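Each chain, letter by letter, is given below.
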Amino acid sequence: MIQSHDPRMNRLGLPDAPATAAAKGALDQFGTYEAFHQKKEGAPFVYVGPVHAPEADVAFLFAKEQYSRRFACTGLWVVPTAAITVTDYVGDQEWAYDSLPLLTNQQAAATAPPAGPRSGDDTAAEAAYAAGEEDYDIFHLKKRGKAHQHVGKVRASSPAQALQVAKAVFSDQRPVVNVWAARSADFLRSDDGDRDIWTTTPEKKYRDAISYKVQDRIERFKAETGTSQAD
Amino acid sequence: MYGSASTHDLPTTALTGLENEDPILLAEFEARINRGEKIEPGDWMPALYRKQLTRMIEQHAHSEIIGSLPEGTWITRAPGFRRKMAQMAKVQDEVGHAQLLYSAAETLGKTREEMLTDLINGKSKYSNVFNYPTPTWADSNVISWLIDAGAIVNQLANAKGSYGPYCRALDRICAEEAFHLKYGHDAVVHMATGTPIQRKMMQEALNRWWPAIMTFFGPSDKMSVHTEILMRWKVKMASNDECRNQFLDMYVPKILEIGLTLPDANLRKNEETGQWEFTEPDWEDFKRVINGDGPCNAERIAVRRAAEENGAWVRRALLTPKAQYVRPLA
């Protein structure tokens, strides 16, 4: 049996040389969700990384713990990885929308974006939603190695069309190294009522480097012992 | 942060196969790296780059998760409530770092299931220092301070590497890490400047850990010469000896100023060359331990494996039949 310095390990009674463990099956670790956080009120949502989770509520919980445990956060979104449509990656000085298939003039006219923010009583929008169009959230990567950032929403009837619409709506944003588009309905998002899950974060001072005032003690020690101590 | 990614490089025989790569794609790939652009998961990359990065990030992830065990052992016995909270927060950070790193490795194509299977079957390596025990609270403090310090030297270098997902993970890891080093230093200083019994306990812990610390950055550059291509691709950002020298520069004075001594009579800085001189670590012993014959190898794997097995029914119960695996994006 394994003998440990930790009595909890000893209580487990673990065998010294177990047989080879069977390979984990597919999805033993679940599928993945991608998480986005908002650092402060009014700031854009920024990609923080994936979590493995069996469903959206658990993904949200894991993302909250994984990505907003230590530093200030005012909002969190999760979306299944599979729900995101990704463009090609291009160079740091380029525009990822250039890698989309070119549209005919007729197609381009059909994807003409609704100008300005959409509003509920916009009858054209109402008709579009009724005809099966949906909102998509669009994220841009501005530089390789950095994180995707939310730039806004577009309305479209497919992910491919959402990217074409975004190309027109965000045509002034350059460079763009990579674009993500995902149906807004596929996100699980925190709302204002969830804010209190982050209120205790700043109280945990023992996680702040600044709380450890070690230099005072070193100076006192040196004064008490004199310089000969280090010899 | 526990990673010592330079410890277990590919055997030299594996550093071949470039002749099978498309020369045009390879030239574009190298030009991108030379321009200072990062490589992202959707990009073409040489098989060797993918293989070495997967191996390195996976080993780093395993080091975080296994490295949390010798410190985790001391949570229940940490002296005082504040230290208990801090020790717990640190260990939680380390486990979180493992999650970040597993995800970064996954973007290269190896699933988390495969990585965890390799870990619990002893097929994948992790930083060798965690095959040693923490018999006292002071040993845990030495890890918190000096192993983390060594890892930071490595990780700050690697955060400037070429692979985007690894850089993003390391940026977050380094930000979370800021308190670990201070916490560890504080704990060591407290003991070293305390009662004679505390001082003795700390000195003995340091003596136990020093040989392992000296192996932390991996064998001397003289012994591992095939890193040129990995440096060119910015997979490896600093040589083992450069990292070790920087660590000694930064931390030997901090160790000596609190009245501790180091158990190596040959340790001195050559002021002419700027290089530290020391007794060559016992690399045969290092090999023996990393290949399974260390004081804690069996325990580390057994504990990790028990956690996997005890949680299996929960994961099975939560699995939805319609779930589909998609590689994480970035």
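In what follows, the accompanying structure is described. Predicted model, so just to flag it, every value in this text is computed and none were measured.

Residue and element names in this part refer to chain B. For helix α7 (residues 196-215), spanning 20 residues, the distance from its first C-alpha to its last is 30 Å, which sits close to the expected 28 Å at 1.5 Å a residue. Taken as a whole, α7 carries its principal kink of about 40° at Trp209; the proline Pro211 stands between one and four residues after it. Those residues of α7 not exposed but buried are Met202, Gln203, Ala205, Leu206, Trp209, Trp210, Ala212, Ile213, Met214 and Thr215. In this fold, the buried residues of α7 make contact with α5 (137-158), α6 (164-192), α9 (240-256) and α10 (283-293).

With that settled, the discussion passes to unusual backbone geometry. Most of the time, phi is negative for any residue but glycine, and the peptide bond is trans. Residues and elements named next belong to chain A. Note that the residue after Arg174, namely Pro175, is joined by a cis bond; omega there is -5°. For Pro175, the location among the structural elements is in the loop between α5 (159-169) and β7 (178-183). With a phi close to 70°, Leu27 is a non-glycine residue in the positive phi region. Assignment of secondary structure puts Leu27 in the loop between α1 (7-12) and β1 (31-38).

Residue and element names in this part refer to chain B. Relative to each other, α5 and α7 sit at 50°, their axes nearing to 9 Å. Viewed along their axes, α5 and α7 adopt a mutual orientation that is oblique. Crossing handedness for the pair α5 and α7: right-handed. Counting all contacts with α5, which are made through Ala138, Asp139, Asn141, Val142, Ile143, Leu146 and Ile147, the residues of α7 involved are Met201, Met202, Ala205, Leu206, Arg208, Trp209 and Ile213. When grouped by side-chain class, the residues that make up the contact of α5 with α7 number eleven nonpolar, one polar and two charged.

This part covers the side chain of Asp139(B). Residues and elements named next belong to chain B. Examined against the element boundaries, Asp139 turns out to sit in helix α5. Taking the relative accessible area as the measure of exposure, Asp139 reaches 0% and is therefore buried. Among the polar contacts made by the side chain of Asp139, one reaches the side chain of Thr136 at a distance of 2.5 Å.

In the structure shown here, the tally under the stated rule is 41 salt bridges over all chains. The partner of Lys24(A) in a salt bridge is Asp28(A), with the nearest N and O atoms 2.9 Å apart. Residue classification places Lys24(A) among the buried residues on the basis of a relative accessible area of 15%. Looking at Asp28(A), the relative accessible area reads 17%, which means it is buried. The salt bridge involving Glu277(B) is made with Arg268(B); its shortest N-O contact spans 2.5 Å. On the accessibility criterion, Arg268(B) (45% relative accessible area) is partly exposed. Counted as one network, the salt bridges with shared partners bring together Lys24(A), Asp28(A), Arg304(B), Glu308(B) and Arg315(B).

Cut-off values and rules
Residues numbered from 1 in each chain as written. Chains lettered and ligands numbered in written order. Predicted model: local features only at pLDDT ≥ 70, side-chain atom pairs only at ≥ 80, totals over all residues. Heavy atoms only, no water. Helix = DSSP H or I, 4+ residues; strand = E, 2+ residues; numbered from the N terminus. Expected span 1.5 Å × (residues − 1). Bend = angle between axes of the 7 residues up to and from the residue. Buried < 20%, exposed > 50% of the residue type's maximum accessible area, 1.4 Å probe, protein only. Contact = heavy atoms within 4.5 Å. Axes fitted to C-alpha atoms, helices over the stretch in contact; angles between N-to-C directions. Parallel < 35°, antiparallel > 145°, perpendicular 65-115°, else oblique. Left-handed = near helix turned anticlockwise from the far one by under 90°. Nonpolar A, V, L, I, M, F, W, Y, C, P; charged D, E, K, R; others polar. Polar contact = N/O pair within 3.5 Å; in protein donor to acceptor, adjacent residues only side chain to side chain. Salt bridge = Lys/Arg side-chain N within 4 Å of Asp/Glu carboxyl O.

These figures come from the coordinates and say nothing about function on their own.
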